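As a plain string of letters, each chain reads:
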Amino acid sequence: MTVLDEIVAGVREDLARREAEVDLAGLRARLADVDPPRDPMPALRAAGSSVIAEVKRRSPSKGHLADIPDPVALASAYAAGGAAAISVLTEERRFGGSLADLVAVRAAVDVPLLRKDFVVTEYQVVEARAAGADLVLLIVAALDDPTLHRLHDLARELGLTVLVEVHDEAETERAVTLGAELVGVNARNLKTLAVDPGAFGRLAPLLPADRVLVAESGIGGVADVRGYVEQGARAVLVGETLVRDGDPEGAVRAMTGITPSQPFPQPTVEVTP
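Residues numbered from 1 in each chain as written. Predicted model: local features only at pLDDT ≥ 70, side-chain atom pairs only at ≥ 80, totals over all residues. Heavy atoms only, no water.

Visitor: Is there a simple way to explain the overall build of the protein in this structure?
Guide: The secondary structure content of the protein amounts to twelve helices and ten strands. The C-alpha radius of gyration of the protein comes to 18 Å, within 12% of the 19 Å expected for a compact globule of 273 residues. Based on the C-alpha atoms only, the size of the protein along its principal axes is roughly 55 × 50 × 40 Å. When the 273 residues of the protein are sorted by exposure, 53% land in the buried category. Residue pairs in contact within the protein that sit at least 24 positions apart in sequence constitute 70% of those at least 6 positions apart. Of the roughly 11,700 Å² of accessible surface on the protein, 51% is carried by carbon and sulfur atoms. (Helix = DSSP H or I, 4+ residues; strand = E, 2+ residues; numbered from the N terminus. Rg over C-alpha atoms; globule rule 2.2 N^0.38 Å. Buried < 20%, exposed > 50% of the residue type's maximum accessible area, 1.4 Å probe, protein only. Contact = heavy atoms within 4.5 Å. Areas by Shrake-Rupley, 256 points an atom, 1.4 Å probe, with all protein chains shown as cover.)

Quick look at the structure:
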């Protein structure tokens, strides 16, 4: 069993308890009281690098990162620094997160929010929207194709933007076939927790020029952001570095607006005579 398999097994156990408390129909009923989803794509497509700043207490690879007794204060600092979106970990066992963190941050900031979790069922997608998320993460490695397509379609139906995460060539091909608009390339293999620093540079050319690419994992500062921007990243998803920084607002600001030395390639537009 891989690390990813173990994480998903725990996620399913925790999910079963929540489903026993509120069924899918009851969860859908809550959607009527949720504000319309915010669209992060204009900010992510804007000139210069964007930051998806993460509220993250711990991880399977690094263990304890930060206590974060007040996720709202951290998220507010991210927003003040110009974060294009804020990622809130909601997985409990390995990352120390919760849906309560997401709900609290949603009530405090207007920045688009990503529910960062191991989403493997339709219930979790509806749950994300009901908690106020504007984006949801779908990890290709955790999903077979029928489930990936079903969850992607449901998320779009609910107005959610989908961050589709890949870490190798086969997964990238699946993301392209899916039609994913926002693609995260994770340098960390969630099955083994090994980091491949060359993953982004290898996979980015396999994605169409009209897709928005997000570099994930191993981003230690401005120099790393600049390197990824040069390879085609429009955004970076940063957790560990920001939660350990004494000035998260300033750190986000420093990573924002970095431009490549050459313009991003533009998608080819076919004109029918």
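Still more ground to cover, so stick around.
Visitor: Before we go on, may I ask you to explain the layout of surface pockets in this structure?
Guide: Over the atoms rolls a probe the size of a water molecule, and its path tells where empty space is left. The volume enclosed by the largest pocket comes to roughly 440 Å³. Along its surface, the largest pocket is lined by 28 residues, and E54, K56, K116, R188 and S217 are the ones closest to its centre. Listing elements by their share of the lining of the largest pocket, those giving two or more residues are β6 (135-139), β10 (235-238) and α11 (240-243). Residues belonging to the lining of the largest pocket are distributed by class as follows: twelve nonpolar, seven polar and nine charged. (1 Å grid on protein atoms, 1.4 Å probe; cavity = no way out; pocket = protein on both sides within 12 Å on 5 of 7 lines; lining within 4 Å. Points joined across faces, edges and corners; volume = space filled by probe spheres on them. Nonpolar A, V, L, I, M, F, W, Y, C, P; charged D, E, K, R; others polar.)

Visitor: What am I meant to see in the nonpolar core here?
Guide: Considering soluble globular proteins, one finds that nonpolar side chains tend to be buried as a cluster. Counting 92 residues, the largest nonpolar core has Y78, I86, F118 and L242 as its most contacted members. Top element by residues in this core is helix α1 (residues 3-21). It accounts for six residues. Excluding residues within four positions of it along the chain, F118 makes contact with L4, I7, V8, V11, E91, F95, Q124, I139 and L190. (Core = buried A, V, L, I, M, F, W, Y, C linked by side-chain atoms within 4.5 Å.)

Visitor: What am I meant to see in helix α5 (residues 99-108) here?
Guide: The α-helix advances 3.6 residues per turn, and as a result positions three or four apart in sequence lie on the same side. Turning to α5, its buried residues number three or more, namely L99, D101, L102, V105 and R106. Looking down the long axis of α5, one finds its buried residues gathered within 150 degrees of arc, a one-sided arrangement. Facing away from the buried side of α5 by over 90 degrees, the exposed positions are A100 and A107. Against the buried residues of α5 lie α1, α4 (71-80), β4 (85-89), β5 (113-116) and α6 (122-130). (Arc of directions from axis to C-beta.)

Visitor: Just checking my understanding: could you explain the sheet that holds strand β1 (residues 50-55) for this structure?
Guide: Sheet strands pair by backbone hydrogen bonding; their relative direction is either parallel or antiparallel. A barrel is described by the order of its strands in space; here eight strands give the closed sequence β1-β4-β5-β6-β7-β8-β9-β10, paired in parallel fashion. Ignoring which end each strand starts from, the neighbouring axes of this sheet average 25 degrees apart. In this sheet, strand β8 (residues 182-186) lies alongside strand β7 (residues 161-166) in parallel orientation, the contact comprising four bridges. Bridge pairing links L163 to L182 in β8. (Pairing = 2+ DSSP bridges. Axes fitted to C-alpha atoms, helices over the stretch in contact; angles between N-to-C directions.)

Visitor: Got a minute to help me understand the pairing of β10 in this structure?
Guide: Each regular strand shows side chains that alternate between the opposite faces of the sheet. On β10, burial covers both faces: A235 and L237 on one face and V236 and V238 on the other are all buried. Of the pairings in the sheet, the one linking β1 to β10 comprises four bridges and is parallel in character. If you follow S50 over to β10, its bridge partner there is A235.

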